[in-house]
Each structure stands twice: as structure tokens, then as C-alpha cells.
Amino acid sequence: MSNCVFGAADVLLPRVNEMEKWAVVACDQFSSEPEYWARVRREIGDAPSALNLILPEAELGAQGEAERIAQIHAAMRAYLARGVFEKHERAFVYVERTLLGGAVRRGVVGMVDLEEYDYRAGAQAAVRATEKTVVERIPPRMAIRQGAAVELPHVLLLCDDERRALIEPLTLKKDSLPLLYDFELMEHGGRIAGYLVQGGEARELEARIEDYEARCMESSGLCYAVGDGNHSLAAAKACYEAQKAAQGGAADSLARFALVELENIRDEAQVFEPIHRIVTGVQPDALLSAFEERCGAAQGHRVAWVAGERRGSVTLSAAISPLAVGVLQGFLDEYLKEHGGQIDYIHGEDVLERLAQRADAVGFLLPPMEKGQLFDGVVKDGSLPRKTFSMGHACEKRYYLEARRIAP
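Reading guide: rules and limits
Sequence order sets the numbering: in each chain, residues are counted from 1 along the sequence as written. The model is predicted, so local features are restricted to residues of pLDDT at least 70 and side-chain atom pairs to those at 80 or more, both for listing and for counting; the totals for chains, interfaces and linings are taken over all residues. Derived side-chain values reflect all non-hydrogen atoms in the structure, with water molecules and hydrogen atoms excluded from consideration. Secondary structure elements are defined from DSSP: runs of H or I of at least 4 residues count as helices, runs of E of at least 2 residues count as strands, and each element is numbered from the N terminus. Each radius of gyration is computed over the set of C-alpha atoms, and the globule rule expresses the reference value as 2.2 Å times the number of residues to the power 0.38. Relative accessibility decides the category of a residue: with a 1.4 Å probe and only protein chains considered, values under 20% of the type maximum give buried, values over 50% give exposed, and everything between is partly exposed. In what follows, a contact means two residues having at least one pair of non-hydrogen atoms within 4.5 Å. Only the protein chains shown count as cover for residues, and all accessible areas are computed by the Shrake-Rupley method using a 1.4 Å probe. The pairing criterion is simple: DSSP has to find at least two bridges between the two strands. Note on geometry: axes are lines fitted to C-alpha atoms, helical ones only across the stretch in contact, with angles between N-to-C directions running from 0 to 180 degrees. For classification, angles of less than 35 degrees are called roughly parallel, those exceeding 145 degrees roughly antiparallel, those between 65 and 115 degrees roughly perpendicular, and all remaining angles oblique. By definition, turning the near helix anticlockwise from the far helix through less than a right angle yields a left-handed crossing, and turning it clockwise yields a right-handed one. The term disulfide is used for any two cysteine sulfur atoms that are within 2.5 Å. The arc under discussion is defined with respect to the helix axis, by the directions toward the C-beta atoms. Note on definitions: salt bridges are taken to be side-chain nitrogens of Lys or Arg within 4 Å of carboxyl oxygens of Asp or Glu.

**Student:** I'd like a description of the overall build of the protein, backed by residues and values.
**Tutor:** Looking only at helices and strands, the protein has 12 helices and 20 strands in total. The globule rule puts the C-alpha radius of gyration for 408 residues at 22 Å, and the 21 Å found for the protein is close to it. If one aligns the C-alpha atoms of the protein with their principal axes, the spans along those axes are about 60 × 50 × 50 Å. Taken over 408 residues, the protein has a buried fraction of 56%. Put simply, of all contacts in the protein between residues at least 6 apart along the chain, 78% involve residues at least 24 apart. Working note: accessible area of the protein is about 17,200 Å², and carbon and sulfur atoms make up 48% of it.

Below you can see the structure in the form of C-alpha cells.
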């Protein structure tokens, strides 16, 4: 093991004929569109796929969930027994994701030390959450991870590497690295290519990582911020802590780490998109009236809303929160607790407007956040409001590809 918080891992990659059927988008996407996941299942058919190893959030709480989790664990063991995975020891994977607009987003897959990660607000750990972690969302993910033989990450870890010393040097030498995969992703996900970083190249990368982490610890103490998948990483942490407690303070090294993809917030292709809100099971006029009364102001943040064919906006008081999402989320949490209703988090204005056509629904369109505010915000305020931003649209999220054993 290296001394790095983020380091090389024993990476498992699928040996399959149809990689485009193996890779599916992060499980927390399209949670209000079960038809998306039904379409994906039809497209995959009986082919080996990461879909058989995950549980989409659109299906959480559905009848037969326990049986589905048991099937996931059985599929993991079966894939391992059948030799579906090929292991690359002490390796990184350099990833280039070409998005539909043509931008190339670069990252490195490796593992993060969960001892150095803390998702609690105000934590001073080297790895921190960027948003408030809802502890109630952790147990369902723990149920999947506990008993699992492998993990597949959709966690995107961010570094603030102003010198561009970690990922960018791999871009310059990628032609000399072994190509692991290169194919089109399903459902308009763009294209993805992965290159093996192993041996001397891996050691050179770890030396650069050690230097970066040392500089971070000397300044703010924050090395990495979780950009996507915080609740999944929190579940990995919770499982690790539970194992430690059960074993008297010791846990195996497999459980101590989690596979993630590291990306540089300075990457020009790294775009922060707003995450909109859809509220259902409410009386739209009553909710909007209360929103205006409690949060409205002459000056401040401007947030648009849609309810059926109606459109409007509310100017929100910046005295309540420096971010529009902070004002809106605080109001909705309180209002729904008082009056009932459900909230979901939506990527894309077109999806929000379609869902807001329901008679009992209101959709809120939020402005984007400047990505330069992220690390300073986490250092100064502990965390940002829940679902403040999204790293790209839903179809641009990380697709499951690499895996790693987390149980003997």
C-alpha cells in the first residue's frame, strides 16, 4: 500500500464481447423515470452487464427489493466464478469521456482510503462531502454493499489541482499506455476510453499525488471533495466502520478502501449543472403562496417555477442563504414536513417541465453554481445544501465499468 489518500488498486475489468451493454449509468440517475431503466433492461437482454450488479434508485422500495439485492450478490459471485473479470494489480485507469457536445472529461480510477473520509458537516478530514449527507439514505445502500463481493463505483472525487500535475500528464503520454477499452456508451452517454496505468507509470503518479496531498494538508487540510455519489461513498464508510466495530477495531484492507474516479475541478470540460426540484402531492397555489410569503424579497436570488401551463418566478432573500438552492431547499423541507408531499431532484429543464404537468406538481428551476466556489465553500461552511449542483447532465454521469473486490 502507498501512503496516499488516493492510490492504486487491484482493478477488475470485464472481459465481455459487448462493452456497450456492460456499462450503465449511475444508479441515482433517472430516478423519476422508471421507463429509462426498463428500456435499458430490454436493450441489454441476457448479456453480461453491470446492470445486474446494481440497484437503480428508481427501483428502491419496490416490492421484492430484498430478493433483488440477493440476486445482485449472486450475480457478483457468478461473474467472478465464470471469469468475467480480469484483474490488473496495483493499477490506475486513465479515463477519457467524450461528451455529446465534443468536450473530453478526463479522470483517473483508483481507490480512496475511507479512514481519511468523513461525510459529517464540519469534518476536517482530507476527503469531505460537498453536500449535506442524509443519513436516512445510507442504510438502503449499505444493504447492497454488505454481502457484496465486488464494488462498482459511480463516485466522482474532485481535486483542486491548479498545477495540473496529477491527471494532465497522463493525457500527454496516453498513446504509450495500454488501451483497455474504447466504445460508445448507451443512451446518448457519449464515448469512453480507458488506459492502463501500472508499474513505473503508477509509481510516478503516486509520487505526484503524495506531493499534491502534502500541499493540501499544509494549506486547507482538504485534499478531495466528493462531487458525485456521496451517499454511496458514505455507505462504504458506514460498512467499513460496522466491520471495524464487529472485529474489535480492526477491519480487512479490502473494506477500508473504495474505488472512485478522480477528476480535476480545473478541467475545462468539468461543468456544474443545476439540479432542479419537482414537488408532487401538493396544492401548487398554496405552496407557491407560502414560498413567496416566507422567502420572497425585493432583491436577491431569482428562481423560476412551472406548474402545468403556468410559469412564474420568485425573488428570494439572500439573507436566508447565500445560494438560491439553500433558500429553496430549506423552505421545501419545512413545508413538506408540515403539509406532506414528495420531492425529487431532476437534471434537465425539459424533464422538469414534463413532470410538472401533473395537477399536483410544482417544478423549480435553479440557476447554476460557479464551480470555483466549491472547495472554498466546503472549507468555510462544512458542506453545501443538499443537491446543490450536478457534474453535467444525467446522461453525462459516470457509467459503471471498473470494479474491485471488497470481500475475500
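**Student:** Describe the environment of Ser253, listing the residues and the values that go with them.
**Tutor:** Within the secondary structure, Ser253 sits in helix H8 (residues 253–256). Placed 153 residues apart in sequence, Ser253 and Ile406 show a C-alpha to C-alpha distance of 8.6 Å.

**Student:** Can you lay out unusual backbone geometry for me, pointing to particular residues and giving the numbers?
**Tutor:** Trans is the prevailing form of peptide bonds, just as negative phi is the prevailing case for residues other than glycine. With a phi close to 40°, Arg90 is a non-glycine residue in the positive phi region. Considering the arrangement of structural elements, one finds Arg90 in strand S3 (residues 85–98). Residue Arg90 is classed as partly exposed on the basis of its relative accessible area, which comes to 39%. Even without being a glycine, Glu187 presents a positive backbone phi close to 55°. Relative to the elements of secondary structure, Glu187 occurs in the loop between strand S9 (179–184) and strand S10 (191–198). For Glu187, a relative accessible area of 17% corresponds to the buried category.

**Student:** Could you give me a rundown of the sheet that holds strand S14 (residues 276–280), with the residues and numbers involved?
**Tutor:** With respect to topology, 5 strands assemble into an open sheet ordered S16-S15-S18-S14-S17, the strand pairing being antiparallel. Of all the strands in the sheet, just strand S16 (310–316) and strand S17 (342–346) have a single pairing partner and so form its edges. Across the sheet, the axes of successive neighbouring strands diverge by a mean angle of 30°, strand direction being ignored. By the bridge criterion, 3 bridges tie S14 to strand S18 (residues 362–365) in an arrangement that is antiparallel.

**Student:** Can you break down the packing of helix H9 (residues 284–295) against helix H10 (residues 324–339) residue by residue, with the values?
**Tutor:** When two helices pack together, their arrangement is given by the angle between the helix axes and by the axis-to-axis distance. Orientation of H9 relative to H10, taken along the N-to-C sense of each, is 130°, at an axis distance of 11 Å. One element, H9, and the other, H10, form an angle in the oblique class. The interaxial crossing formed by H9 with H10 has right-handed handedness. Here H9 contributes Ala286, Leu287, Ala290, Phe291, Arg294 and Cys295 to the contact with H10, which in turn contributes Val327, Leu328, Phe331, Leu332, Glu334, Tyr335, Glu338 and His339.

**Student:** Residues and numbers for the pairing of S10, please.
**Tutor:** Of all 8 residues in S10, 6 are buried; the element is thus mostly enclosed. Of the strand pairs in this sheet, S3 and S10 are connected by 8 bridges, and their pairing is antiparallel. Residue pairing across strands places Val93 opposite Leu196, the latter belonging to S10. In this sheet, S10 lies alongside S9 in antiparallel orientation, the contact comprising 5 bridges. Paired with Leu179 across the two strands is Tyr195, which belongs to S10.

**Student:** Would you mind going over the state of the cysteines in detail, with residue names and values included?
**Tutor:** For the coordinates displayed, the defined rule picks out 0 disulfides. With no disulfide of its own, Cys4 lies 10 Å from the sulfur of Cys223, the closest cysteine sulfur. A relative accessible area of 7% places Cys4 in the buried class. The thiol of Cys216 is unpaired, and the distance to the nearest cysteine sulfur, on Cys223, comes to 4.6 Å. By relative accessible area, Cys216 is classed as buried at 9%.

**Student:** Which residues make up helix H4 (residues 138–145), and what values go with them?
**Tutor:** Listing the buried residues of H4 in full gives Ile138, Arg141, Met142, Ile144 and Arg145. Take H4 and look down its axis: the buried residues cluster within an arc of 160°, on one side only. Those residues of H4 that are buried lie in contact with helix H3 (65–81), strand S7 (150–151), helix H7 (230–246) and strand S12 (257–264). Positive backbone phi, approximately 95°, marks Gly147, located one or two places after H4.

**Student:** Quick one: what's the story with the pattern of salt bridges, residue by residue and with numbers?
**Tutor:** Scanning the entire structure with this criterion turns up 35 salt bridges. The partner of Glu57 in a salt bridge is Arg137, with the nearest N and O atoms 3.4 Å apart. Note that Glu57 is positioned in the loop between helix H2 (34–44) and H3 and Arg137 in the loop between strand S6 (127–129) and H4, a separation of 80 residues in sequence. The closest approach of N and O atoms between Glu353 and Arg311, which form a salt bridge, is 3.4 Å. Of this pair, Glu353 sits in helix H11 (residues 349–355) while Arg311 is found in strand S16, placing the two residues 42 residues apart along the sequence. Judged by its relative accessible area of 45%, Arg311 falls in the partly exposed class. Three or more residues joined by partner-sharing salt bridges are found here, namely Glu115, Lys237, Glu241 and Lys244.

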